[in-house]
Amino acid sequence: MDRTLHPRSRRIAPLVAMAAASALLVAGCSSSSGGKKSEESGDSASAGKANTPRMTVALVTHQSPGDTFWDIVRKGAEAAAAKDNIKLVYSADPNAGSQANLVQNAIDQKVDGIAITLAKPDALKDVVSKAKAAGIPVVGLNSGVSDWKKLGLLQFFGQDETVAGEGLGNKLNSLGAKNAVCVIQEQGNIGLTQRCDGVKKTFSGKVENLYVNGTDMPSVKSTITAKLKQNSSIDHVITLGAPIALTATQSVSDAGSKAKVATFDLNKDLTGAISKGTVEFAVDQQPYLQGYLAVDSLWLYKTNGNYSGGGEQPILTGPAFVDKSNVDAVAKFAAKGTR
Amino acid sequence: MTQQAEPAVTIPPASGPKETDGRTAQRSLALRLLARPEVGVFLGAVAVFVFFLIAAPAVRSGSSMATVLYQSSTIGIMALPVALLMIGGEFDLSSGVAVITSALTASMLSYQLTMNVWMGVIVALVVSLAIGAFNGWMMVRTGLPSFLVTLGTFLILQGVNLAVTKLITNNVATDDISTMDGFDQAKKVFASSFDVGGVQVKITIVWWLVFAAIATWVLLRTKYGNWIFAVGGNQDSARAVGVPVTFTKITLFMLVGFGAWFIGMHQLFSFNTVQSGEGVGQELIYIAAAVIGGCLLTGGYGSAIGPVFGAFMFGMVQQGIVYAGWNPDWFKAFLGVMLLGATLINLWVRRTATRR
């Protein structure tokens, strides 16, 4: 043991030296372009604050960890909560059973309202009726546009994925596209599949699905490259998430293809790509709005008995198209991570 | 041949003057070749390659091959240290998210402090090596199996990646650093490509082969290589004959940290930003490439060149299915069947070779 420990203690010295050296270098090694310093400090979208009694609202989604899209939903919900004097309890789990448990958890906490996503409606049916039995109003957002009424939710805020896909298909027709590939980054996700199905419905050209491994960007890149090489007649790559779209632009140049990239959803880097023209357009479902409206609507219901959409119709937050003509108006909000 | 009693352990011929004393060198050259850990996977890789050459005409071009090799290299660079660690008798479940930790560190550090990106790159290396050292130290100190220790690190890193990124950037992805000083230089090292006869070849392919050559040399020609085999084969007897077990294990984990750093830098400089939730599940692909490459899960056996073919097979199957234009609903199933098939070939070859 003794002799094995010695080399380690000796190795600490270079590590300390390295840390010290890097600390010294920090001063002299600053970047003259980009970075935090050049980031503009935008004003935030916070309004005044309501003087209604403090209440607690739970937002339970099927977000998988580290997804930029859901981060924007959450920011919208937080903004509404801050305005309405609401304490927001956020929780998420992509596994439907675990998501149901999180809803149960919210019921146990006796919250004043629950907002949920219905990616897998059947798994949440029981727990939603439990919430109703406990007298807690439940609203839906994002996923489940065809199921929220069946489950007896008060109101729904989101985008009909099939309608959004159909919108994209129509847009492709107007651009004269002939052959498209729809890139799905998570196999078995209903919402994503519905988008591609919607495209298929209205697009007069040919469209086929391509599955990629969304957690491994190099793999996404080479898989799309491979597809473009296998079928050189593809003129449009449709992606279902902003980070995937940015990677797809690299695949297009790698494959020496002339295909254009169009995508669902938006983020800060994507607005840059649209103004540069590397991405043609994005279909935006305004996730910030979904989170904001879901929380705000619970406040309106509690304080004034209002139903958005009369409790009969869903409130659609998309599809809104963002392309070169209107990207500048959107970009400054996307830069803050709220659009 | 069937009369021999002793198993064919690969010990050099005994010191006797006669080389043909009936105990060694009896087996034919072909069989001796087959007994090497990388031969099974080599044949498997050739089979998969030929299969897709026939099934997918698009594979036959040079640029398609470059895409397959690029995909293989991003797996293969990590599969190398993972394989060495496995030969040393341990494995690392945190290697997939450690890649993202490294990329996040480099990106956020340079962006938030507005520094030359090389500063971020260096600090990320220190962080990655420290994670490896922590894994190794924790394992040696507590005597817990590496499965448990690295499962813990895996979960810790997954949470830290998310929480720290959100805390610092207020987003779950990092900011674009492509306009910052040093970016273009670093991109040249980690994520550039060059032209060979009209085909764009990614630099990771070169690094992959260089690292494989170094790993092979270390494993077969250095004292450290012997230590790896020794601690993987039997830790206690290795310690008894004076092999520094603690040192070897900790440095092997640090080597995985180095690989995670390298691939993390590749991802950062080829995609400009990093999403904090990525990398989960990749550790199993690295381990799979190493196992397909002839490394035993129990340690003490394997090679560095085997995982090169293992990673190639992974890349070939993954991209080949796309080149062949098969129904994508079956994608994962195809991948599984092909890999299982290749592993069985591998196993069969090894059995045939070692049976006498």
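Residues numbered from 1 in each chain as written. Chains lettered and ligands numbered in written order. Predicted model: local features only at pLDDT ≥ 70, side-chain atom pairs only at ≥ 80, totals over all residues. Heavy atoms only, no water.

Caption draft 1: Structural detail: the overall build of chain B. The helix and strand tally for chain B stands at 14 helices and two strands. Here the C-alpha atoms of chain B give a radius of gyration of 22 Å, agreeing with the 21 Å that 2.2 N^0.38 yields for 356 residues. Expressed as lengths along the three principal axes of its C-alpha atoms, the size of chain B is roughly 70 × 55 × 35 Å. Relative to its full complement of 356 residues, chain B shows a buried share of 55%. Put simply, 76% of the contacts in chain B that link residues at least 6 apart link residues at least 24 apart. Working note: accessible area of chain B is about 14,800 Å², and carbon and sulfur atoms make up 68% of it. Averaging the locations of the 20 positively and 15 negatively charged side chains of chain B gives two centres separated by 12 Å. (Helix = DSSP H or I, 4+ residues; strand = E, 2+ residues; numbered from the N terminus. Rg over C-alpha atoms; globule rule 2.2 N^0.38 Å. Buried < 20%, exposed > 50% of the residue type's maximum accessible area, 1.4 Å probe, protein only. Contact = heavy atoms within 4.5 Å. Areas by Shrake-Rupley, 256 points an atom, 1.4 Å probe, with all protein chains shown as cover. Lys, Arg positive; Asp, Glu negative; His and termini not counted. Charge placed at Lys NZ, Arg CZ, Asp CG, Glu CD.)

Caption draft 2: Fine view of the pattern of salt bridges. Residue and element names in this part refer to chain A. Tallying each qualifying case throughout the model produces 17 salt bridges over all chains. Linking D323 and K171 is a salt bridge whose minimum nitrogen-to-oxygen distance equals 3.2 Å. Here D323 is found in strand 12 (residues 320–323), whereas its partner K171 is found in helix 6 (residues 161–174), with 152 residues between them in sequence. On the accessibility criterion, D323 (18% relative accessible area) is buried. Close ionic contact of E208 with K227 constitutes a salt bridge, the shortest N to O distance being 3.3 Å. Separated by 19 residues along the polypeptide, E208 in strand 7 (residues 206–211) and K227 in helix 8 (residues 217–230) bring together distant segments of the chain. (Salt bridge = Lys/Arg side-chain N within 4 Å of Asp/Glu carboxyl O.)

Caption draft 3: Representation of the side chain of S297 of chain A. Secondary-structure assignment places S297 of chain A in helix 11 (residues 287–304). Discounting chain neighbours no more than four positions away, the residues touching S297 of chain A are V139, Q155, F157 and S308 of chain A.

Caption draft 4: Structural view of the packing of aromatic side chains. Residues and elements named next belong to chain B. One pass over the full model with this rule turns up 25 aromatic pairs over all chains. Taking 5.9 Å as the distance between ring centres and 10° as the angle between the ring planes, the aromatic pair formed by F190 and F269 counts as stacked. Linking F190 in helix 7 (residues 183–191) with F269 in helix 11 (residues 245–271), this pair joins segments that are 79 residues apart in sequence. Of the two residues examined, F190 and F269, each falls in the buried class. Counting every residue linked through ring pairs, the aromatic cluster contains W118, F183, F190, W207, F211, F258, W261, F262 and F269. (Phe/Tyr/Trp six-rings, centres within 6.5 Å; stacked < 30°, edge-to-face > 60°.)

Caption draft 5: Expanded view of the state of the cysteines. All names here are of chain A. Scanning the model with the defined rule gives one disulfide over all chains in all. A sulfur-sulfur separation of 2.0 Å characterises the disulfide bridge that pairs C182 with C196. Between C182 and C196, the S-S torsion sits near -80°, and that sign places the bridge as left-handed. Taken as a pair, C182 in strand 6 (residues 179–184) and C196 in helix 7 (residues 190–202) lie far apart in primary sequence, 14 residues in all. Residue classification places C182 among the buried positions, given a relative accessible area of 0%. (Disulfide = S-S within 2.5 Å.)

Geometric values such as these leave the question of function open.
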